[in-house]
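# Observations on the three-dimensional arrangement
Listed below, chain by chain, are the residues.
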Amino acid sequence: MEQLTLKPITKVSGSVTLPGSKSLSNRILLLAALCEGTTKVTNLLDSDDIRHMLGALSQLGVEVTLEDDNTVALVKGNGGNFISPVEPLFLGNAGTAYRPLTAVLAAIPGDYELIGEPRMEERPIGHLVDAMQTLGADIQYLKNKDYPPLKIVGKQLTGGEVEIDGSISSQFLTALLMAAPLFSGDTKIRIKGELVSKPYIDITIGVMAHFGVHVENHDYQYFVVKAGQQYRSPGTLMVEGDASSASYFIAAAAIAGGEIEINGVGKQSVQGDIGFAKVMEQAGAHIEWYDERIVVRKGQLNGVDIDANAIPDAAMTLATVALFASGKTAIRNIYNWRVKETDRLAAMATELKKVGAHVVEGHDYIEVTPPVNFNFTDVDTYNDHRIAMCFSMVAVGGQSITINDPKCTAKTFPTYFSVLESISQY
Ligand SMILES: O=C(O)C1=C[C@@H](OP(=O)(O)O)[C@@H](O)[C@H](O)C1
Ligand SMILES: C=C(OP(=O)(O)O)C(=O)O
């Protein structure tokens with residue numbers, strides 16, 4: 001197994017330009033494929049999750065030309081007239097590819113098989129499949145009920161009223177919303193349970209609006225997509241920088257100081273994870289806000305106690321910031337950390353303890369109190385890009401650390417460690 005030992009970093013300074021958002025990249029690619037005509041997508045993320053969406057679209061007969069180191073895509077939409085792929089669609093562990101494609105393909109005549117990495121087969125999808133089946137979709141489980149892989153026989157669906165459980169993942173509702181314009185009638189979606197990760201629904205509705213489809217959001221309780229709306233190409237669309245990826249640089253500047261300018265997200269960001277910067281302000285970091293960039297400086301960091309349901313990805317970074325904040329940090333209402341790339345609650349608790357922190361792992365929360373003395377250790381990353389990136393904060397805080405399997409950042413940020421290196425001083 002590959003390992004990367006990070007030396008203690010004394011200061012970070014300079015400027016970082018964020019890669020494009022994963023959430024925006026995969027939504028935009030799929031909707032571009034569903035319209036007639038060509039869409040030019042700029043600042044596309046070049047990472048494993050996006051490659052899986054691109055690979056699937058190519059197997060479905062959509063022509064995509066990539067330029068500028070895979071950060072510009074020309075997508076020749078075929079109006080959703082997909083061809084049935086000969087081979088199964090392999091979607092890795094990309095939730096933003098697997099869930100939306102499940103709903104969309106169920107509404108397009110054809111035969112599809114959707115497969116993924118072993119971990120994908122442990123990530124639930126039953127709530128989405130239940131809702132699609134209520135609408136008449138033909139989706140079968142190929143191994144275990146409620147989990148991938150899936151066999152889908154796509155057909156024209158008529159829409160109607162449907163309930164979807166929102167308590168585990170917002171991606172199920174995102175998938176249903178993205179598929180709804182393909183149905184022949186109106187669609188009314190009622191949420192069962194408390195909807196998690198709400199800001200990602202705003203991203204979905206915003207991207208659909210760029211493609212000419214209006215979604216009525218009734219206070220996140222029910223949603224209506226009226227029939228007769230068709231995805232229309234916006235021509236050119238730029239992907240905003242990834243706000244979850246920004247969290248590592250915000251944290252680094254807040255912990256180690258110097259000053260970091262982060263380009264690609266700011267006051268105008270459509271991504272909920274920009275909320276992490278506000279949490280860091282609450283913890284004591286100094287942030288200057290501009291429309292599409294922020295500047296972050298070190299502060300005296302104190303532990304915070306937050307409900308992180310709206311920012312599940314960026315909140316992981318707070319768990320390692322906690323190592324350098326005074327007092328206890330509590331991150332609450334994050335049950336669904338357990339069904340992502342790994343059981344993130346268990347994994348973060350285990351690895352934080354190895355470093356020397358005092359950790360309480362609850363069913364849906366984690367509390368972290370900084371170590372009295374740091375242990376020099378290696379951390380396991382569980383094939384979870386965010387665990388690898390989060391634990392680089394240990395080096396930023398002035399302690400050496402070894403990251404096992406550092407290349408797992410390829411899921412969303414293949415160049416992470418070289419970007420961190422470019423702003424680090426020793
Ligand atoms: O819709 C999206 O782009 C995402 C939604 C979130 O998942 P959940 O809704 O499952 O929390 C997030 O964790 C994931 O990385 C991306
Ligand atoms: C949960 C994540 O990914 P996915 O889109 O596969 O759900 C993530 O990127 O942290």
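Residues numbered from 1 in each chain as written. Chains lettered and ligands numbered in written order. Predicted model: local features only at pLDDT ≥ 70, side-chain atom pairs only at ≥ 80, totals over all residues. Heavy atoms only, no water.

## What about the UniProt feature "binding site: 3-phosphoshikimate" (unreviewed entry) in the chain?
Under the convention used in this document: UniProt positions are given in the numbering used here, feature names are shortened, and annotations may be inferred rather than shown by experiment. Method remark: on a 1 Å grid restricted to protein atoms, a set of points is classed as a cavity if a 1.4 Å probe fits but cannot get out and as a pocket if it is open with protein on both sides within 12 Å along at least five of seven lines; lining residues have an atom within 4 Å of a point. Secondary structure follows DSSP: runs of H or I at least 4 residues long count as helices, runs of E at least 2 residues long count as strands, and numbering of each begins at the N terminus. In this scheme, a residue with accessible area under 20% of its type's maximum is buried, one over 50% is exposed, and one in between is partly exposed, where area comes from a 1.4 Å probe on protein chains only. Contacts are residue-level and defined by heavy atoms, with any inter-residue pair within 4.5 Å sufficient.
Under the UniProt annotation, the feature "binding site: 3-phosphoshikimate" (unreviewed entry) is placed at K22, S23, R27, S169, S170, Q171, S197, D313, N336 and K340. As for the annotated residues named above, the ones lining the largest cavity are K22, S23, R27, S169, S170, Q171, S197, D313, N336 and K340. Here S197 shows up in the loop between β12 (187-192) and α6 (199-210). Given the relative accessible area of 3%, S197 is considered buried. As for its placement among the helices and strands, K340 is situated in the loop between β20 (329-332) and α10 (344-355). Accessibility expressed as a relative area gives 15% for K340, which makes it buried. Those residues in contact with K340, other than ones at most four positions away along the chain, are R119, R123, P312 and D313.

## Side note on the site of ligand 2
The test is simple: Summary of the distance rule: residues count as near a molecule or strand when at least one heavy atom falls within 4 Å of that molecule or strand. We call two N or O atoms a polar contact when they sit within 3.5 Å, provided that within protein one can donate a hydrogen and the other can accept it, with sequence-adjacent residues counted only if both atoms are side-chain atoms. Here the Shrake-Rupley method, with its probe set to 1.4 Å, supplies the accessible areas, and only the displayed protein chains count as covering residues.
Near ligand 2 you find 14 residues, and of these K22, G95, R123, R386 and K411 are the closest. The contact in question runs from an oxygen atom of ligand 2 to an N or O atom on the side chain of E341, over 2.9 Å. Side-chain polar atom of K411 to an oxygen atom of ligand 2: 2.8 Å apart, as the coordinates give it. If ligand 2 stood free it would expose 300 Å²; the protein chains cover 98% of that surface.

## Remarks on the sheet that holds strand β3 (residues 14-17)
Across a sheet, paired strands are connected by hydrogen bonds in the backbone, their directions being either parallel or antiparallel. This is how it is decided: Being paired, for any two strands, means DSSP has found at least two bridges between them. Angles here are taken between N-to-C directions and fall from 0 to 180 degrees, while the axes themselves are lines fitted to C-alpha atoms, restricted in helices to the stretch in contact.
Strand order in the open sheet formed by four strands is β3-β16-β18-β17, with mixed pairing between adjacent strands. Of all strands in the sheet, those bounded by a partner on one side alone are β3 and β17 (286-289). Each strand of the sheet is rotated relative to its neighbour by a mean of 20°, with strand direction disregarded. Bridging between β17 and strand β18 (residues 293-297) involves four bridges; their strand directions are antiparallel.

## Focus on the nonpolar core
Put simply, the test is: In these notes, a set of buried Ala, Val, Leu, Ile, Met, Phe, Trp, Tyr and Cys residues joined through side-chain atoms within 4.5 Å is what counts as a nonpolar core.
By size, the foremost hydrophobic cluster in this structure holds 79 residues, and its most contacted members are F82, M132, L177 and F223. Residue contributions to this core peak at eight residues, all from helix α1 (residues 22-34). Among all residues touching F223, those that are not within four sequence positions of it are L173, L177, T187, K188, I189, I191, L195, I201, I205, V215, E216 and N217. A246, L323, I331 and Y416 belong to the second-largest nonpolar core, a separate cluster that totals 75 residues.

## Side note on empty space enclosed by the protein
What counts, and what does not: Grid points are joined across faces, edges and corners, and a volume is the space filled by probe spheres set on the points. Three classes are used: nonpolar for Ala, Val, Leu, Ile, Met, Phe, Trp, Tyr, Cys and Pro, charged for Asp, Glu, Lys and Arg, and polar for all others, with Gly counted as polar.
A full pass over the atoms with the stated rule returns two cavities of 30 Å³ or more. Volume-wise, the largest cavity comes out at about 250 Å³. Counting only elements with at least two residues in the lining of the largest cavity, the list comes to α1, α3 (95-106), α9 (312-321) and α11 (385-396). Each residue belonging to the lining of the largest cavity can be placed in one class, and the counts come to four nonpolar, nine polar and ten charged. In terms of lining residues, the second largest cavity is bounded by S21, K22, S23, Y200, I203, D242, S244, Q271, D273 and D313. When residues of the lining of the second largest cavity are traced back to their parent elements, those giving at least two are α1 and α6. Looking at the lining of the second largest cavity residue by residue, the class counts come to two nonpolar, four polar and four charged.

## Comments concerning helix α2 (residues 48-59)
Three- or four-residue spacings in an α-helix give side chains the same orientation, since the helix completes a turn every 3.6 residues. The condition that has to hold: To estimate how far a helix should extend, the number of its residues minus one is multiplied by 1.5 Å.
Counted at 1.5 Å a residue, the expected span for α2 with its twelve residues is 16 Å, and the 16 Å between its end C-alpha atoms agrees. Considered for burial, the residues of α2 that qualify are D49, I50, H52, M53, L54, A56 and L57. Looking at the buried residues of α2, the elements they touch are α1, β5 (63-67), β7 (89-90) and α3. Where α2 terminates, the next one or two residues include G61, which has phi positive at roughly 90°.

## With respect to the site of ligand 1
Condition: Cavities and pockets are treated as containing a molecule whenever more than half of the molecule's atoms lie within 2 Å of their grid points.
Ligand 1 sits among K22, S23, R27, T96, S169, S170, Q171, S197, Y200, D313, N336 and K340. Within the side chain of R27, one N or O atom sits 2.7 Å away from an oxygen atom of ligand 1. K340 places a polar side-chain atom, nitrogen or oxygen, 2.6 Å from an oxygen atom of ligand 1. With the chains in place, 95% of the 390 Å² that ligand 1 exposes on its own is no longer accessible. The pocket occupied by ligand 1, as judged from atoms lying within 2 Å of grid points, is the largest cavity. Residue composition of the shell around ligand 1, by class: one nonpolar, seven polar and four charged.

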